[in-house]
Amino acid sequence: MKFFLDTANIEEIRDAASTGILDGITTNPTLISKEGNTFEDQLLKICSMVNGPVSAETVSRDAAGMVDEGRHLAKLHPNIVVKCPMTKEGLRATKILTEERIRVNVTLVFSAPQAIMAAKAGAYFVSPFVGRLDDIGESGMDLIETIVTIFNNYEFKTEVLVASIRNPIHVVQAGLMGADICTMPAKVFDQLLKHPLTDKGVEQFLKDWEKVPVIK
Ligand code: E4P
């Protein structure tokens, strides 16, 4: 299972990358807009910090615009994966970019038929948004289970990137279902490694260690 951070924030990326288990980054226009830097400059900074895929989203509404943007973004750095939205135009752009060997992450996926369409267009990643489905009373993780099953049935090479993750339970369920990647906010990345009994145990061991005689 690969762990991506869903952020464009340099400090958050530095902190998570220093653990040595960060596999990639996803960004979106909202995340980029929080950083007060140009898109290209922020992407290059991120790419210099993470040895893995860095998703960068196109903002055109038509396929031609997405293709132009995608070509430009892909040229910036070998780590870049171009994000296209799950629309008909996005699908057209995905097919064209994929045929040019540019990797595409099809984003804003909310149903199994959409995921199948993205895979058939040659998407490198497909990003179902589990948290946003939960928010409207649908089960995001049920969708992941369905997509993983379908992709396995047909041996689609497209990787399932679980997005819009809100908590560690989403990550554990994604693991049980065999999803390829989880992209999560820094808060969830940190939550994954925390347990109160670990903290309590460390405190107790360090306190007891003080009672061990030392050679003078
Ligand atoms: C994924 O690529 C998206 O950037 C992200 O996971 C969206 O998550 P949100 O629903 O928390 O905004």
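The preceding data block contains the structure.
**Describing the sheet that holds strand E2 (residues 24-26)**
Line of reasoning, step 1. The strand order around the closed barrel formed by 8 strands is E1-E2-E3-E4-E5-E6-E7-E8, and the pairing between neighbours is parallel. This sheet shows a mean twist of 30° between the axes of neighbouring strands, independent of strand direction.
Line of reasoning, step 2. Relative to strand E4 (residues 80-85), helix H4 (residues 63-76) is tilted by about 165°, and along the sheet it contacts strand E3 (54-57) and E4.

**Description of the nonpolar core**
Line of reasoning, step 1. If you look at the biggest cluster of nonpolar residues, it comprises 57 residues, and the most contacted ones within it are Ile25, Ile144, Phe151, Val160, Val162, Ile165 and Met184.
Line of reasoning, step 2. The element that contributes the greatest number of residues to this core is helix H8 (residues 140-154), accounting for 7 residues.
Line of reasoning, step 3. With near-sequence residues (within four places) excluded, Val162 lies in contact with Pro128, Val130, Ile144, Ala174, Ala179, Ile181, Cys182 and Thr183.
Line of reasoning, step 4. Counting residues in hydrophobic clusters, the runner-up holds 7 residues, among them Val81, Phe125, Phe129 and Leu161.

**Concerning the site of the ligand**
Line of reasoning, step 1. Around the ligand lies a shell formed by Asp6, Thr26, Asn28, Lys83, Phe129, Arg132, Ala163, Ser164 and Arg166.
Line of reasoning, step 2. At a separation of 2.6 Å, an oxygen atom of the ligand approaches a polar side-chain atom of Lys83.
Line of reasoning, step 3. In the model, an oxygen atom of the ligand is placed 2.7 Å from a nitrogen or oxygen of the Ser164 side chain.
Line of reasoning, step 4. Contact with the protein chains covers 86% of the free accessible surface of the ligand, which is 350 Å².
Line of reasoning, step 5. Most atoms of the ligand, that is more than half of them, are within 2 Å of grid points of the largest pocket.
Line of reasoning, step 6. Of the residues in the shell around the ligand, the class split is 2 nonpolar, 3 polar and 4 charged.

**Some thoughts on the pairing of E3**
Line of reasoning, step 1. Side chains of E3 alternate between two faces, with Val54 and Ala56 and Ser55 and Glu57 buried alike.
Line of reasoning, step 2. Taken together, the 2 bridges between E2 and E3 define a ladder with parallel strand orientation. Along E3, the bridge assignment pairs Thr26 with Ser55.
Line of reasoning, step 3. In this sheet, E4 lies alongside E3 in parallel orientation, the contact comprising 4 bridges.

**Quick word on unusual backbone geometry**
Line of reasoning, step 1. In this structure, Glu155 is a non-glycine residue whose phi angle is positive, near 50°.
Line of reasoning, step 2. With respect to the secondary-structure elements, Glu155 resides in the loop between H8 and strand E7 (159-162).

**Let's talk about the pattern of salt bridges**
Where charged atoms of side chains with opposite charge meet at close range, the side chains can pair.
Line of reasoning, step 1. The full count for this structure, using the stated rule, is 9 salt bridges.
Line of reasoning, step 2. The residue Glu57 makes a salt bridge to Lys83 at a minimum N-O spacing of 3.6 Å. Of the two residues, Glu57 is situated in strand E3 and Lys83 in strand E4; the sequence distance between them amounts to 26 residues. Note on accessibility: Glu57 and Lys83 belong to one class, buried.
Line of reasoning, step 3. For Asp68, the salt bridge is made with Arg71, and the minimal N-O distance between the two is 3.9 Å. Of this pair, Asp68 and Arg71 both sit in helix H4, 3 residues apart, roughly one helical turn.
Line of reasoning, step 4. According to the relative accessible area criterion, Arg71 is partly exposed, its value standing at 33%.

**Considering the layout of surface pockets**
Line of reasoning, step 1. When its volume is computed, the largest pocket comes out at roughly 330 Å³.
Line of reasoning, step 2. If you go around the largest pocket, you meet 23 residues; those closest to its centre are Asp6, Asn28, Leu31, Arg132 and Ser164.
Line of reasoning, step 3. Partitioned by chemical class, the residues of the lining of the largest pocket number 7 nonpolar, 9 polar and 7 charged.

How each quantity is defined
Residues numbered from 1 in each chain as written. Predicted model: local features only at pLDDT ≥ 70, side-chain atom pairs only at ≥ 80, totals over all residues. Heavy atoms only, no water. Pairing = 2+ DSSP bridges. Helix = DSSP H or I, 4+ residues; strand = E, 2+ residues; numbered from the N terminus. Axes fitted to C-alpha atoms, helices over the stretch in contact; angles between N-to-C directions. Contact = heavy atoms within 4.5 Å. Core = buried A, V, L, I, M, F, W, Y, C linked by side-chain atoms within 4.5 Å. Buried < 20%, exposed > 50% of the residue type's maximum accessible area, 1.4 Å probe, protein only. Near = heavy atom within 4 Å. Polar contact = N/O pair within 3.5 Å; in protein donor to acceptor, adjacent residues only side chain to side chain. Areas by Shrake-Rupley, 256 points an atom, 1.4 Å probe, with all protein chains shown as cover. 1 Å grid on protein atoms, 1.4 Å probe; cavity = no way out; pocket = protein on both sides within 12 Å on 5 of 7 lines; lining within 4 Å. Sits in = over half its atoms within 2 Å of the grid points. Nonpolar A, V, L, I, M, F, W, Y, C, P; charged D, E, K, R; others polar. Salt bridge = Lys/Arg side-chain N within 4 Å of Asp/Glu carboxyl O. Points joined across faces, edges and corners; volume = space filled by probe spheres on them.

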